[in-house]
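Listed below are the residues making up each chain.
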Amino acid sequence: MAALVVRSVRDLLKRADFAKVPRRHRHKKKWAATEPKFPATRLALQNFDMTYSVQFGELWPSIRVSLLSEQKYGALVNNFGAWDHVSAELEQLNARDFVNKAHARGGQEPESNQTAAPSPASWACSPNLRCFTFTRGDVSRFPPARLGSLGVMDYYLMDAASLLPVLALGLQPGDTVLDLCAAPGGKTLALLQTGCCRHLAANDLSTSRIGRLQKILHSYVPQDIRDRSRVRVTSWDGRKWGELEGDTYDRVLVDVPCTTDRHSLHEEENNIFQRSRKKERQILPMLQVQLLAAGLLATKPGGHVVYSTCSLSHLQNEYVVQGAIELLANQYSIEVRVEDMTHFRKLFMDTFSFFPSCQIGELVIPNLMANFGPMYLCKMCRLT
C-alpha cells in the first residue's frame, strides 16, 4: 500500500512539470540587512583580545577584567574654593590625598642599597595639587560635586591617573604653558590649580569639546583668575602649532586623541571602533606623531613636554614617542631627551599599578585593587 502511494505522488509531480524558477524571481538572503550588527564595544574587546594578549601576555586577563569593571575616581580639590574645608570633608569619607602622600614618600631618604634620587629638575612635580582617592580595594564612590560657598564647584571627579601627566610636567611659577589637546578640560583645570601659569593656551580642534572645556572653566575657576592667568581657549589644528607659535612655551602637555580603551569597552556613543571610523582608527598613530612633533616644536629649548594617552597600545605610546623624536632629529635637527621617570613612578606606586616592562615612559594599568587608567605618560626635554 505504501509503495502505491509513493508511486502516485511521483506520477502527480511528473504531470505538474514544474519549471525552474526564473532568475529574476529568485531571492537571496541579505546578510547585512538581516544579521545583527556587532556593537562597537564588542569590536573593541575583540581587537584588544587579539593585540593586548600578545603585548601583555599573562597580565592581560587581569587587565581585561579590570577594564570591564567599574572604574575608580579621584576628587581633585578646587583650590579656588574653600579647599581646606573640602579636604576635611573628603578625609571624613576615609579618602586620602595621594599627591600629599607621594610628596611625603619622596622626602624619605633612599635606603642604603638604593641609588640616590635624580636631580630635582628632572622629576619635580607640579605644586599645589590635591587629589583624594579611596585606598586600594576600597570601591566607595565620591558623592557628586556641588557648588561651594565661594560660588565655584568644590571638587572635580576624574580618573586619578589622569592627573599624573600634569604632575609630571613639573610646572614652575611664571611658566608659559600649552595644553595642545585640552578638551574636555580636566587636565586644563589641573594646570590652573597649580597657580604657576603666567599664560595658559588651551586648544582643541573639536568645537563641541571646546564647549565642554569652557563649561568646566566657568564652573570651577572665577573670572578674575581666568583673566589673571591669561587663559586663551582656541580651536585650531594642533598639528600646525609648531608653525604658529614655535619656540614659545616652557611646558607643553600633549594629551592626544587615542582609542580611549576603557570608554571603547563601555560606551557606544563616539566609539572609535564603530565600523565607519575604521580608517580614522588606523591613522591614529600618524596623527599622534604629528601632534607630539608640533608640541615639541612649540616648546622653548630647555623646556619640557609630557605626552600622554589613555590607551594601552604601544603603537600609540612608545612607538609614537620614538617616531616624533626621530622626525625632529631628521627634519629639524632638534635633539630631544626622554626623561627617566623611575623616581616619579616610585612616588605613586602605592596608589597606582604600573606596567613593569614599559621601555619608554610609564604606563598605569587597570587593576581590580586600584582600578585607575589606563594612562600612558612620557616626559621629554627639548635640548636644542
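This report concerns the structure included in the present document. What you see is a predicted model, and the numbers here were worked out from it, not measured in a lab.

Turning our attention to unusual backbone geometry. With omega at 10°, the peptide bond leading from Ala183 into Pro184 counts as cis. That bond from Gly373 to Pro374 is cis: its omega, 5°, falls within 30 degrees of zero. By secondary structure assignment, the location of Pro374 is in the loop between β11 (362–364) and β12 (375–382). Here the phi dihedral of Thr260 falls at roughly 40°; this positive angle occurs in a residue that is not glycine. Following the sequence through the fold, Thr260 ends up in the loop between β8 (249–255) and α13 (261–266). The exposure class assigned to Thr260 is partly exposed, which follows from its relative accessible area of 26%.

Let us look at the state of the cysteines. Scanning the entire structure with this criterion turns up zero disulfides. Here Cys378 stays unpaired: no disulfide links it, and the sulfur of Cys358, its closest cysteine neighbor, is 8.3 Å away.

Here we take up the sheet that holds strand β1 (residues 74–77). Strand order across the open sheet formed by four strands is β2-β3-β1-β4, with antiparallel pairing between neighbours. Pairing within the sheet leaves two strands with one partner each, and these edge strands are β2 (96–97) and β4 (155–158). Examined bridge by bridge, β1 and β4 share four bridges and lie antiparallel to one another. Bridging across to β4, Ala75 finds its partner in Leu157. The sheet strands contacting helix α5 (residues 83–92) are β1, β2, β3 (131–133) and β4, and the helix crosses β1 at an angle near 160°.

In total, this model carries 15 salt bridges according to the counting rule given. In this structure, the salt-bridge partner of Asp49 is Arg64, at a minimum N-O distance of 2.8 Å. Note that Asp49 is positioned in helix α3 (residues 40–56) and Arg64 in helix α4 (residues 60–67), a separation of 15 residues in sequence. For Asp49, a relative accessible area of 25% translates into the label partly exposed. Arg64 gets classed as partly exposed once you look at its relative accessible area, which sits at 28%. Between Arg239 and Asp237 there is a salt bridge whose closest N-O contact spans 2.9 Å.

Next up on the list: the side chain of Thr299. Tracing the backbone shows Thr299 in strand β9 (residues 299–309). Looking at Thr299, its side chain comes within polar contact range of the main-chain oxygen of Gly295, at 2.7 Å.

Parameters at a glance
Residues numbered from 1 in each chain as written. Predicted model: local features only at pLDDT ≥ 70, side-chain atom pairs only at ≥ 80, totals over all residues. Heavy atoms only, no water. Helix = DSSP H or I, 4+ residues; strand = E, 2+ residues; numbered from the N terminus. Buried < 20%, exposed > 50% of the residue type's maximum accessible area, 1.4 Å probe, protein only. Disulfide = S-S within 2.5 Å. Pairing = 2+ DSSP bridges. Contact = heavy atoms within 4.5 Å. Axes fitted to C-alpha atoms, helices over the stretch in contact; angles between N-to-C directions. Salt bridge = Lys/Arg side-chain N within 4 Å of Asp/Glu carboxyl O. Polar contact = N/O pair within 3.5 Å; in protein donor to acceptor, adjacent residues only side chain to side chain.

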